[in-house]
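A look at the structure
If you want the building blocks of each chain, they are given just below.
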Amino acid sequence: MNEIKNLKLLAAKIRLDVLEMLMHRGYGHLGGSMSIVELFAVLYGKHLNVDPKNPNKEDRDMVVLSKGHAGPAWYSALAEMGYFPKEVLLTLNDGGTILPSHPDRNLTPGVDATTGSLGQGTSIAAGIATGQKFKGKNAYTYLIVGDGELNEGQCWEAFMYISQKKLNNCIVIIDDNKRQLDGYTKDIINHYDLKTKMESFGFKTVRVDGSDVKAIDSAITELKAVKDQAVCIVLDTIKGQGIKYFEDMFSNHSVKFNNESINQAADEAVEKLKAYIAKEEA
Ligand SMILES: Cc1ncc(C[n+]2csc(CCOP(=O)(O)OP(=O)(O)O)c2C)c(N)n1
Ligand SMILES: [Mg+2]
């Protein structure tokens, strides 16, 4: 099986895990979790220098999920990589769980930054990447930011710093899924063209289809090779990505599995994903 097929298969597994954990809980941040499934598949399936058996290994690459409400996507990727057993996924948000609704570095193996208060992860990532440089480590920090999150001025302060310090090891990834909590980003605070905007902040920026694992892989490979300049990927995604019913649902930021139509769509998506995975693994 070739590499791209494997990455697509991993994405399907992560998407299925996210759906099942949210269905089990009865609600959750579906839209923004689904839009970064392919990204996590490419990061964990190919690029990250990490060891699930030794989550604190020296010189590891780090991930900062600044849009912390998408924790279920990260947890699913971590479980698929073997950081903890997959059954743990169904404890999402339970009292005493290692998987709180938003990532906590003191609770979950593989989580290096506590996030959830939008904006703050950008500064955390800038600090981690600075530390990696100071220590002469050959390691990357992948910072994942939401497009609505960019309403927070802290993001732009961090971006100015990352650019000024030429932190080429801090790969900024903006999940441009066009929507935030309660509407379209362009109607709330219009970012206009994010690629142009990031370029004007000094970043070498590429825009890619965030549902295309091959395109994401190429963009990361290209930007890892950049020296002496900050780098950014604008990930062109759909909120609810990969499941048509949820892509089309306007209020898909946090979904409650409390009516027949939603439950039927979710059940059908589970069956479809399971069938795809079984076919690919046969
Ligand atoms: C400082 C702060 N303000 C408000 C919230 C509540 N909140 C959680 S998600 C969200 C919308 C984020 O939109 P976006 O970054 O576009 O996320 P995505 O579309 O990827 O879900 C808001 C306002 C928060 N977590 N932190
Ligand atoms: Mg968004």
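Below you will find a few notes about this structure. What you see is a predicted model, and the numbers here were worked out from it, not measured in a lab. Starting from 1, residues in each chain are numbered consecutively following that chain's sequence as written. Both sets of labels track the order of writing: A upward for chains, 1 upward for ligands. Predicted model: local features are reported for residues with pLDDT of at least 70 only, side-chain atom pairs are reported and counted for 80 or more only, and whole-chain, interface and lining totals are derived from all residues. Note that the side-chain values use all heavy atoms of the structure and ignore hydrogens as well as water.

What follows deals with the site of ligand 1. Each residue is tested against the molecule or strand, and it is near if at least one of its non-hydrogen atoms lies within 4 Å. Around ligand 1 sit 18 residues in total, of which Lys 67, His 69, Asp 147, Gly 148 and Lys 239 are the nearest. As used in this structure description, the phrase polar contact means that two N or O atoms lie within 3.5 Å; if the pair is within protein, one of them must be able to donate a hydrogen and the other to accept it, and residues adjacent in sequence are counted only when both atoms belong to side chains. The side chain of Lys 67 places a nitrogen or oxygen atom 2.7 Å from an oxygen atom of ligand 1. The separation between an oxygen atom of ligand 1 and a polar side-chain atom of Lys 239 is 2.8 Å. About the coverage of ligand 1: the protein hides 76% of its 590 Å² of free accessible area. When residues are sorted by character, Ala, Val, Leu, Ile, Met, Phe, Trp, Tyr, Cys and Pro go into the nonpolar class, Asp, Glu, Lys and Arg into the charged class, and all the rest, Gly among them, into the polar class. Split by residue class, the shell around ligand 1 holds two nonpolar, nine polar and seven charged. Computed with the Shrake-Rupley method and a 1.4 Å probe, the accessible areas treat only the protein chains shown as cover for residues.

Now for the coordination of the magnesium ion (ligand 2). Coordinating donors are taken to be N, O and S atoms lying within 2.8 Å of the metal, or within 3.2 Å when the metal is Na, K or Ca; because water is excluded from the atom set, some sites may appear incomplete. Each protein donor to the magnesium ion (ligand 2) is listed here as Asp 147 (OD), Asn 177 (OD1) and Arg 179 (O); together their distances run 2.0 to 2.1 Å. Taken in chain order, the donor set of the magnesium ion (ligand 2) reads D-x29-N-x1-R. Residue class for Asn 177 comes out buried when judged on its relative accessible area of 4%. A simple rule labels every residue: compare its accessible area, found with a 1.4 Å probe on the protein chains alone, to the largest value its type can have, and call it buried under 20%, exposed over 50%, or partly exposed in between. Its relative accessible area of 10% is what places Arg 179 among the buried residues.

Here the focus is the pattern of salt bridges. By salt bridge we mean one thing: a side-chain nitrogen of Lys or Arg within 4 Å of a carboxyl oxygen of Asp or Glu. Here the structure, examined in full by the defined rule, presents 21 salt bridges. Across the salt bridge formed by Lys 86 and Asp 17, the nearest N and O atoms sit 3.6 Å from each other. Pair noted here: Lys 86 is in the loop between helix 4 (71-81) and helix 5 (120-134) and Asp 17 is in helix 1 (residues 3-25), with a separation of 69 residues, a long-range link. Given the relative accessible area of 40%, Lys 86 is considered partly exposed. Glu 199 is paired through a salt bridge with Lys 195; the nearest N and O atoms lie 2.8 Å apart. Within this pair, Glu 199 and its partner Lys 195 are both found in helix 8 (residues 194-200), separated by four residues, close to a single helical turn. Among the residues examined, Glu 199 registers a relative accessible area of 37% and is labelled partly exposed. The class for Lys 195 is partly exposed, based on a relative accessible area of 27%. Within this structure, Asp 176, Lys 178, Arg 207 and Asp 236 form a network of salt bridges that share partners. Secondary structure counts use DSSP, requiring at least four H or I residues in a row for a helix and at least two E residues in a row for a strand, with both numbered from the N terminus.

Counting residues in each nonpolar core, the largest one holds 67 residues, and the members touching the most others are Leu 19, Phe 40, Tyr 44, Ile 233 and Phe 246. Counting residues per element, this core draws most heavily on helix 1, at 12 residues. Pairs of residues are marked as contacts when any of their non-hydrogen atoms sit within 4.5 Å. Aside from chain neighbours lying at most four places away, what touches Phe 40 is Ile 14, Gly 45, Val 63, Leu 65, Ala 73, Trp 74, Ala 77 and Ile 144. In this description, a nonpolar core means a group of buried Ala, Val, Leu, Ile, Met, Phe, Trp, Tyr and Cys residues linked to one another through side-chain atoms lying within 4.5 Å. If you look at the next biggest cluster of nonpolar residues, it comprises 24 residues, including Met 62, Ile 128, Ala 230 and Val 234.

All right, on to the pairing of strand 4 (residues 170-176) then. In the case of a regular strand, side chains alternate between the two sheet surfaces. With seven of seven residues buried, strand 4 is to be regarded as a mostly interior element. What you see with strand 4 is no split at all: Cys 170, Val 172, Ile 174 and Asp 176 on one side and Ile 171, Ile 173 and Asp 175 on the other are buried throughout. Pairing analysis gives six bridges linking strand 3 (residues 141-146) to strand 4, with the strands arranged parallel. Bridge pairing links Val 145 to Ile 174 in strand 4. This β-α-β element, strand 3 to helix 6 (residues 153-164) to strand 4, shows right-handed connectivity. Sheet topology note: the strand 4/strand 6 (residues 231-236) ladder contains six bridges and is parallel. Looking at the pairing, Asp 175 lines up with Leu 235 of strand 6. At least two DSSP bridges between two strands are needed for those strands to be called paired. Crossover handedness is defined here as right-handed if the route from the first strand over the helix to the second strand goes clockwise, with the strands pointing away from the viewer.

Note on aromatic contacts: the rings of Phe and Tyr and the six-membered ring of Trp form a pair at centre separations within 6.5 Å, being stacked when their planes are under 30 degrees apart, edge-to-face when over 60 apart, and tilted otherwise. Using the criterion set out here, one finds 10 aromatic pairs in the structure. Considering the side-chain rings of Tyr 44 and Tyr 83, the 6.4 Å spacing of their centres and the 90 degrees angle between planes classify their relative orientation as edge-to-face. Taken as a pair, Tyr 44 in helix 3 (residues 37-47) and Tyr 83 in the loop between helix 4 and helix 5 lie far apart in primary sequence, 39 residues in all. Considered together, Tyr 44 and Tyr 83 belong to a single accessibility category, that of buried residues. Judged by centre distance (5.9 Å) and plane angle (75 degrees), the ring pair of Phe 159 and Phe 203 falls under edge-to-face. One end of the pair, Phe 159, is in helix 6; the other, Phe 203, is in the loop between helix 8 and strand 5 (204-209), and 44 residues separate them in sequence.

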